[in-house]
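These are the residues of each chain, in order.
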Amino acid sequence: MNIGQAARASGVSAKMVRHYESLGLLGSVARTDSGYRQYRAADVHTLRFIKRSRDLGFSMAEIAELVSLWHDQGRASASVKQIAQAHVDELEKRIEAMQAMRRTLQNLLQHCHGDARPDCPILDDLSGSR
């Protein structure tokens, strides 16, 4: 199938298909005599794997490792679990940081009158005046 068909079948754009190919995530893709890419069902399956990994927030480096492990029949599942656990740990840190931001903003909102007066604790906090 051509790049447009592969993109539609995998749920990613043709631009991203090219990008993933340039990163080496698809391996070598067959080409016609005129240079057009020809994708196989296995390539589409890999593209879906990449898309699902991206949807879960894995980095491109992590996805490269996961794709490599996925294709390696001699892999140890511990290697996969280690990558996933590190990603969960990072997500937890980001969630905690976002919750702290939310608490700070909620506190600032409670102290802002939101009326015609010029004084604003939100702006004071952002400027470091508080």
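The rules we used
Residues numbered from 1 in each chain as written. Predicted model: local features only at pLDDT ≥ 70, side-chain atom pairs only at ≥ 80, totals over all residues. Heavy atoms only, no water. Helix = DSSP H or I, 4+ residues; strand = E, 2+ residues; numbered from the N terminus. Rg over C-alpha atoms; globule rule 2.2 N^0.38 Å. Buried < 20%, exposed > 50% of the residue type's maximum accessible area, 1.4 Å probe, protein only. Core = buried A, V, L, I, M, F, W, Y, C linked by side-chain atoms within 4.5 Å. Contact = heavy atoms within 4.5 Å. Expected span 1.5 Å × (residues − 1). Polar contact = N/O pair within 3.5 Å; in protein donor to acceptor, adjacent residues only side chain to side chain. Arc of directions from axis to C-beta. Phe/Tyr/Trp six-rings, centres within 6.5 Å; stacked < 30°, edge-to-face > 60°.

A. Layout of the overall build of the protein chain. Along the backbone of the protein chain there are six helices and two strands. Starting at the N terminus and ending at the C terminus, the protein chain contains elements arranged as α-α-β-β-α-α-α-α. In terms of overall size, the protein chain is more extended than a compact globule, its C-alpha atoms giving a radius of gyration of 23 Å where 130 residues would be expected to give roughly 14 Å. Across its three principal directions, the C-alpha atoms of the protein chain cover 70 × 40 × 20 Å. Per-residue burial over the protein chain gives 22% buried out of 130 residues.

B. The arrangement of the nonpolar core in detail. Ranked by size, the top nonpolar core spans 19 residues in total, and within it Val17, Tyr20, Leu26, Tyr39, Leu47, Ile50 and Ile63 carry the most contacts. Of all the secondary structure elements, the ones that give two or more residues to this core are α1 (3-10), α2 (14-22), α3 (41-55) and α4 (60-71). Among the elements that take part in this core, α4 stands out by supplying four residues, more than any other. Excluding residues that lie within four positions of it along the chain, Val17 makes contacts with Ile3, Ala7, Val12, Leu26, Tyr39 and Leu47.

C. Representation of helix α5 (residues 77-111) in the model. Compared with an ideal rise of 1.5 Å per residue, which puts 35 residues at 51 Å, α5 spans 51 Å between its outermost C-alpha atoms and is within 8% of the ideal. Buried residues along α5 sit against α4 and α6 (121-127).

D. Spatial organisation of the side chain of His87. Following the sequence through the fold, His87 ends up in helix α5. A relative accessible area of 6% means that His87 is categorised as buried. A distance of 3.5 Å separates a polar atom in the side chain of His87 from the backbone oxygen of Gly57. Leave out the neighbours within four places in its chain, and His87 touches Leu56, Gly57, Phe58 and Glu62.

E. A look at the side chain of Glu21. Of note, Glu21 is situated in helix α2. The residues contacting Glu21, other than those within four sequence positions of it, are Leu26, Val29, Arg31, Arg37 and Tyr39.

F. Just α2, in detail. Those residues of α2 lying buried are Val17, Tyr20 and Glu21. The buried side chains of α2 occupy one side of the element, clustering within an arc of 100° when seen end-on. Projecting away from the buried face of α2 at angles above 90 degrees are the exposed residues Lys15 and Ser22. On its buried face, α2 sits against α1, β1 (30-31), β2 (37-38), α3 and α4. Backbone geometry just downstream of α2 places Gly24 in the positive-phi region, at approximately 85°.

G. Region of interest: the packing of aromatic side chains. Scanning the entire structure with this criterion turns up one aromatic pair. On the basis of an interplanar angle of 10° and a centroid distance of 4.3 Å, the ring pair of Phe49 and Trp70 is categorised as stacked. Remark: Trp70 occurs in helix α4 and Phe49 occurs in helix α3; sequence separation between them is 21 residues. On the basis of relative accessibility, which here comes to 23%, the residue Phe49 falls in the partly exposed class.

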